[in-house]
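So the chains spell out like this:
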Amino acid sequence: MALETCFRAWALHAPAAGSKDRLLVVGSSGSGSGSNLVLPSKRAAAVAVAPLSAGRVATRRPRHVCQSKNAVDEVLVADEKNWDGMVMACETPVLVEFWAPWCGPCRMIAPVIDELAKDYAGKIMCCKVNTDESPNVASTYGIRSIPTVLIFNGGEKKESVIGAVPKSTLTTLIDKYIGSS
């Protein structure tokens, strides 16, 4: 996915149509999947990665740098197998979202949880628990509605928020526990 994002960004700023550099569209033509990956031609790739020799000077810097390498999903997936080690034994506060793939409000709050994981990286750990795949964890904590967000600190459940709430609500909740970890 990140590689595809980089190549799409490259394709937006590819050389002019009259240039010998071309893009190759890679994908199965009859599969109906509709996902094509745009790759530079061999010549364009060779030019892009050719090492500089002693007599050759780089005359132009790339206009765009791929930032997709930093787009790592920092929200971890917790389940019944790794729950104790990931959440209960964690020394930092842990934000746990209980969700299901069919839940509309869960899909609404997912980007908020992703943002919080990036904003508070190193200060808290963010996890997601799919209630369909880990029903025992959900029932242990009395999860009856999703999405539900729980805050754990020192292996104990401290707070809970039910529903798709705004980022500010969760930020206020997290800020209470960052100093006490």
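Shown above is the structure to which this text applies.
Residues numbered from 1 in each chain as written. Predicted model: local features only at pLDDT ≥ 70, side-chain atom pairs only at ≥ 80, totals over all residues. Heavy atoms only, no water.

### Concerning the overall build of the protein chain
So, point 1. Helices and strands together make up the secondary structure of the protein chain, namely 6 helices and 7 strands.
So, point 2. Secondary structure elements in the protein chain, listed N-terminal to C-terminal, are α-β-β-α-β-α-β-α-β-α-β-β-α.
So, point 3. When contacts within the protein chain are restricted to residue pairs at least 6 apart in sequence, those whose partners lie at least 24 apart make up 65%.
So, point 4. Element-wise, carbon and sulfur atoms account for 56% of the exposed surface of the protein chain, whose accessible area totals about 11,600 Å². (Helix = DSSP H or I, 4+ residues; strand = E, 2+ residues; numbered from the N terminus. Contact = heavy atoms within 4.5 Å. Areas by Shrake-Rupley, 256 points an atom, 1.4 Å probe, with all protein chains shown as cover.)

### Considering the sheet that holds strand β3 (residues 76-77)
Paired through their backbone hydrogen bonds, the strands of a sheet run either parallel or antiparallel.
So, point 1. The 5 strands are arranged β3-β5-β4-β6-β7 in an open sheet whose pairing can be described as mixed. A single partner strand is all that each edge strand has here, and the edge strands are β3 and β7 (156-162).
So, point 2. The sheet contact formed by strand β4 (residues 94-99) and strand β6 (residues 148-153) spans 5 bridges and is antiparallel. Within β6, the position partnered with L95 by the bridge is I151.
So, point 3. Helix-sheet contacts for helix α4 (residues 104-119) involve β4, β5 (125-130) and β6, and the interaxial angle to β4 is about 165°.
So, point 4. Along the sheet face, helix α6 (residues 167-178) touches β4, β6 and β7 and points at about 170° away from the line of β7. (Pairing = 2+ DSSP bridges. Axes fitted to C-alpha atoms, helices over the stretch in contact; angles between N-to-C directions.)

### Quick word on the packing of α4 against α6
So, point 1. At their nearest, the axes of α4 and α6 sit 10 Å apart, and the two run at 40° to each other. Looking at the two axes, α4 sits oblique to α6. Handedness of the α4/α6 crossing: right-handed. Within the contact between the two elements, α4 uses I109, V112, I113, E115, L116 and D119 and α6 uses K167, L170, T171 and I174.
So, point 2. For the contact of α4 with α6, the residue count by class is 6 nonpolar, 1 polar and 3 charged. (Parallel < 35°, antiparallel > 145°, perpendicular 65-115°, else oblique. Left-handed = near helix turned anticlockwise from the far one by under 90°. Nonpolar A, V, L, I, M, F, W, Y, C, P; charged D, E, K, R; others polar.)

### Some remarks on the nonpolar core
So, point 1. In terms of nonpolar packing, the biggest core is built from 18 residues, with L95, I109, I113, L116, L170 and I174 touching the most fellow members.
So, point 2. Contributions of two or more residues to this core are made by α4, β6 and α6.
So, point 3. A78, V94, V96 and I143 belong to the second-largest nonpolar core, a separate cluster that totals 17 residues. (Core = buried A, V, L, I, M, F, W, Y, C linked by side-chain atoms within 4.5 Å. Buried < 20%, exposed > 50% of the residue type's maximum accessible area, 1.4 Å probe, protein only.)

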